[in-house]
Amino acid sequence: MNVGNAKRIEKDIQALYAISAPCMEGCTRLSYTPAYREGVEYLKKRMLEAGMTVREDNLGTLYGTVEGTNPKAEKIVSGSHLDTVRCAGAFDGAAGIVCALEAARMLKESGSPLESTFEVVATIMEDGARYPGTTGSRFMVGIYGEDDLHDLKDDDGIPLIEAMKEYGLSGSLEGVCRRGENAKAFLELHMEQGTKLESANTDIGVVRTINGNAWFKITVMGQTDHPSTPHEIRHDTAFASFRLLTGLEEKISKEFPGKITVTCGRIALHPDVLNAVPSRSVFTVDFRSPGQQYIDAMVEFLRAEAARIGKEYRVKFDVVFLKGTPPVENSPNVVEAFRTAVGKLGYSSMEMDSGAGHDAMFLRQIWDAGLIFVPSRNGVTHCPEEFTEYENLAKGADVLLQAARIIDVEKK
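A brief report on the enclosed structure follows. (Residues numbered from 1 in each chain as written. Predicted model: local features only at pLDDT ≥ 70, side-chain atom pairs only at ≥ 80, totals over all residues. Heavy atoms only, no water.)

### Points about the packing of aromatic side chains
The following threshold applies: Two rings belonging to Phe, Tyr or Trp (six-membered ring only in the last case) form a pair when the distance between their centres is within 6.5 Å. Interplanar angles under 30 degrees mark stacking, angles over 60 mark edge-to-face geometry, and anything in between is tilted. Relative accessibility thresholds used throughout: buried, under 20% of the residue-type maximum; exposed, over 50%; partly exposed, between the two (1.4 Å probe, protein chains only). Each helix is a run of H or I in the DSSP string that is no shorter than four residues. Each strand is a run of E no shorter than two, and both are numbered from the N terminus. Note on criteria: charge over ring means Lys NZ or Arg CZ within 6 Å of the ring centre, with the direction from the centre no more than 35 degrees off the ring normal.
According to the stated counting rule, one finds 10 aromatic pairs in the structure shown. Plain terms: the ring middles of Phe139 and Tyr144 are 5.4 Å apart, the flat faces sit at 70 degrees to each other, and that makes the pair edge-to-face. Side by side, Phe139 and Tyr144 carry an identical accessibility label, which is buried. Where Phe216 meets Phe321, the ring centres are 5.5 Å apart and the plane angle is 65 degrees; that geometry is what we call edge-to-face. Separated by 105 residues along the polypeptide, Phe216 in strand β7 (residues 212–221) and Phe321 in strand β11 (residues 316–325) bring together distant segments of the chain. In this structure Phe216 comes out as buried when scored by relative accessible area, which is 1%. Pairwise contacts between aromatic rings join Tyr32, Tyr36 and Tyr167 into one cluster. Positioned over the ring face of Tyr63 is Arg55, at 4.0 Å from the centre of the ring. Lying across the ring of Trp215, Lys323 places its NZ or CZ 4.5 Å from the centre.

### Describing the packing of helix α8 (residues 237–255) against helix α9 (residues 292–313)
Note the threshold: Only the stretch in contact is used when a helix axis is fitted, and all axes are lines through C-alpha atoms; the angle between N-to-C directions ranges over 0 to 180 degrees. A clockwise turn of the near helix away from the far one marks a right-handed crossing, whereas an anticlockwise turn of less than a right angle marks a left-handed crossing. By definition, residues are in contact when any of their heavy atoms lie within 4.5 Å. Under this grouping Gly is polar, as are all residues other than the nonpolar Ala, Val, Leu, Ile, Met, Phe, Trp, Tyr, Cys and Pro and the charged Asp, Glu, Lys and Arg.
The interhelical angle for the contact between α8 and α9, taken along N-to-C directions, is 145 degrees, at an axis separation of 10 Å. Of the two possible hands of crossing, α8 and α9 adopt the one that is right-handed. Contacts from Phe239, Ala240, Arg243, Leu244, Gly247, Leu248, Lys251 and Ile252 of α8 reach α9 at Met298, Phe301, Leu302, Glu305, Ala306, Ile309, Glu312 and Tyr313. Split by residue class, the contact of α8 with α9 holds 11 nonpolar, 1 polar and 4 charged.

### Some points on unusual backbone geometry
The omega torsion of the bond from His270 to Pro271 falls at 10 degrees, within 30 degrees of zero and hence cis. Within the secondary structure, Pro271 sits in the loop between β9 (267–270) and β10 (280–289). With phi around 60 degrees, Met125 is a residue other than glycine that occupies positive phi space. In this structure, Thr134 is a non-glycine residue whose phi angle is positive, near 55 degrees. Secondary-structure assignment places Thr134 in the loop between β4 (118–123) and α4 (135–141).

### Things to note about the packing of helix α1 (residues 6–17) against helix α2 (residues 34–49)
To keep it simple, the criterion reads: Just so you know how the angles are binned, under 35 degrees is roughly parallel, over 145 roughly antiparallel, 65 to 115 roughly perpendicular, and the rest oblique.
Their axes nearest at 10 Å, the elements α1 and α2 cross at an angle of 160 degrees. Taken together, α1 and α2 sit at an angle that is classed as roughly antiparallel. Handedness of the α1/α2 crossing: right-handed. Residue-level contacts link Arg8, Lys11, Asp12, Ala15 and Leu16 of α1 to Gly39, Tyr42, Leu43 and Arg46 of α2.

### A closer look at the nonpolar core
How we decide: Put simply, buried Ala, Val, Leu, Ile, Met, Phe, Trp, Tyr and Cys residues joined by side-chain atoms within 4.5 Å make one nonpolar core.
Among the nonpolar cores identified, the biggest contains 78 residues, and Ile13, Tyr32, Phe118, Leu187 and Leu393 are the most heavily contacted of them. The residues contacting Ile13, other than those within four sequence positions of it, are Ala90, Phe91, Ala94, Ala95, Val98, Tyr390 and Leu393. Of all hydrophobic cores here, the second largest spans 25 residues; its members include Ile252, Leu302, Val315 and Val319.

### Topic: the environment of Glu174
Following the sequence through the fold, Glu174 ends up in the loop between α6 (160–167) and β5 (183–191). For Glu174 and Asp57, which are 117 residues apart along the polypeptide, the C-alpha to C-alpha distance reads 8.4 Å.

### Description of helix α3 (residues 94–110)
Here is the rule: One fewer than the residue count of a helix, multiplied by 1.5 Å, yields its expected span.
Between the first and last C-alpha of α3 there are 24 Å, a value that for 17 residues agrees with the 24 Å anticipated at 1.5 Å per step. Of all the 17 residues making up α3, 14 are buried; the element is thus mostly covered by neighbouring parts of the structure.

### Points about the pattern of salt bridges
Under the convention used in this document: Within this document, salt bridges are pairs made up of a side-chain nitrogen of Lys or Arg and a carboxyl oxygen of Asp or Glu, the two lying within 4 Å of each other.
All chains considered together, the criterion is met by 30 salt bridges. Glu119 is the salt-bridge partner of Arg178, the closest N and O atoms lying 2.7 Å from each other. Of this pair, Arg178 sits in the loop between α6 and β5 while Glu119 sits in strand β4, and the two are 59 residues apart along the sequence. Here the two residues Arg178 and Glu119 agree in accessibility, since each one is buried. Measuring nitrogen to oxygen at the nearest pair gives 3.1 Å for the salt bridge that ties Arg288 to Asp286. Judged by relative accessible area, which is 21%, Arg288 ranks as partly exposed. Using a relative accessible area of 15% as the deciding quantity, one classes Asp286 as buried.

### A closer look at a nonpolar patch on the surface
Here is the rule we go by: Patch construction takes residues with relative accessible area above 30% that form no salt bridge. Like charges are linked within 9 Å, and nonpolar side chains (Val, Leu, Ile, Met, Phe, Trp, Tyr) are linked within 5 Å. Each accessible area is a Shrake-Rupley estimate made with a 1.4 Å probe; only the visible protein chains count as cover when residues are assessed.
Where nonpolar side chains cluster on the molecular surface, the patch consists of Phe239, Phe242, Ile267 and Leu269 and spans about 330 Å² of accessible area. Examined against the element boundaries, Phe239 turns out to sit in helix α8.

### Concerning helix α12 (residues 390–408)
For an α-helix, 3.6 residues make a turn, and residues three or four places apart therefore share a direction. The end-to-end C-alpha distance of α12, which contains 19 residues, comes to 27 Å, matching closely the 27 Å that a straight helix rising 1.5 Å per residue would cover. With 16 of its 19 residues buried, α12 lies for the most part within the structure.

Shown next, in the form of structure tokens:
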């Protein structure tokens, strides 16, 4: 039985980490930038060195394949995303690609091919730092189409189609959507964005459910006043906003502890000066839960509380829904394949949910799909301090390959 090569994995992770646009710290590799192109070319080289067939589709998604013995057999696909947030660490996304690549290398070196073709994928536009999150996988499954090429814009107002053409692509979506193409499974590895595995000294997390979410942008309109204005006659959008946010947290802690989270990631006040009552507040709310019923309950509470607090503080709340994704249950057969693979390899595992969204939750719409986690040091992610031991990644690569072998012989 082949074992993942931690040194080889480390070499690839560190090489990709060094491929970055200039930034204050860490790695910034946004989709359709020169740094992203350099990352793609690095992976192409490593895939070709491993004897894989390489292609890049019209969206910029990269594929490397190890041919199976049966050309008619459905593929098994594995990978993650190559783009990063700004000032990112080395592992988020890249670890899933590199471990899938390592599984492909072990497969080639084993002399025991699969019946199915094993395909490694590096997706584009997952992390949302330039275009909205999981955009690449949404195109892959046909949620997005031609209109979205023009409608989706980055923070500089550049439409997606212009960024694609500047990058060297045609702007066509031919061959991007894979909804009509059967595959046995999509297997994704990711570092845990939390501390459960590390705290339990456990090798692998087998993910049952990927959390759903609901995002909102909330604008509160009031009146600017002098700080000496009595509170009972103010139209103070700051305190109204804070009251709502505090109420959301208190509702969860009392009624849904451990079931749902709420996050305010952005907040801005106008006129943003020390000695003035703010006349406008703009902030975001992000709900995440493995249970849609908890998301629904908190969304209803959000709207009701905004109306109530608006009257209390003499301000107007405008609650705008941005986007939402329902929770996704990973495929039972893939979850079982991961469990069996871990057992055969003698590693420890635990079942868990994923608080973050991943490409697997969208590819699950067209294929069987599953997700595993490897431990993360202190649960830190999306920053230069994120880290997972390379031996953890080697174990993850082992599990990917073993699960692929199990799925390869399953009867449909």
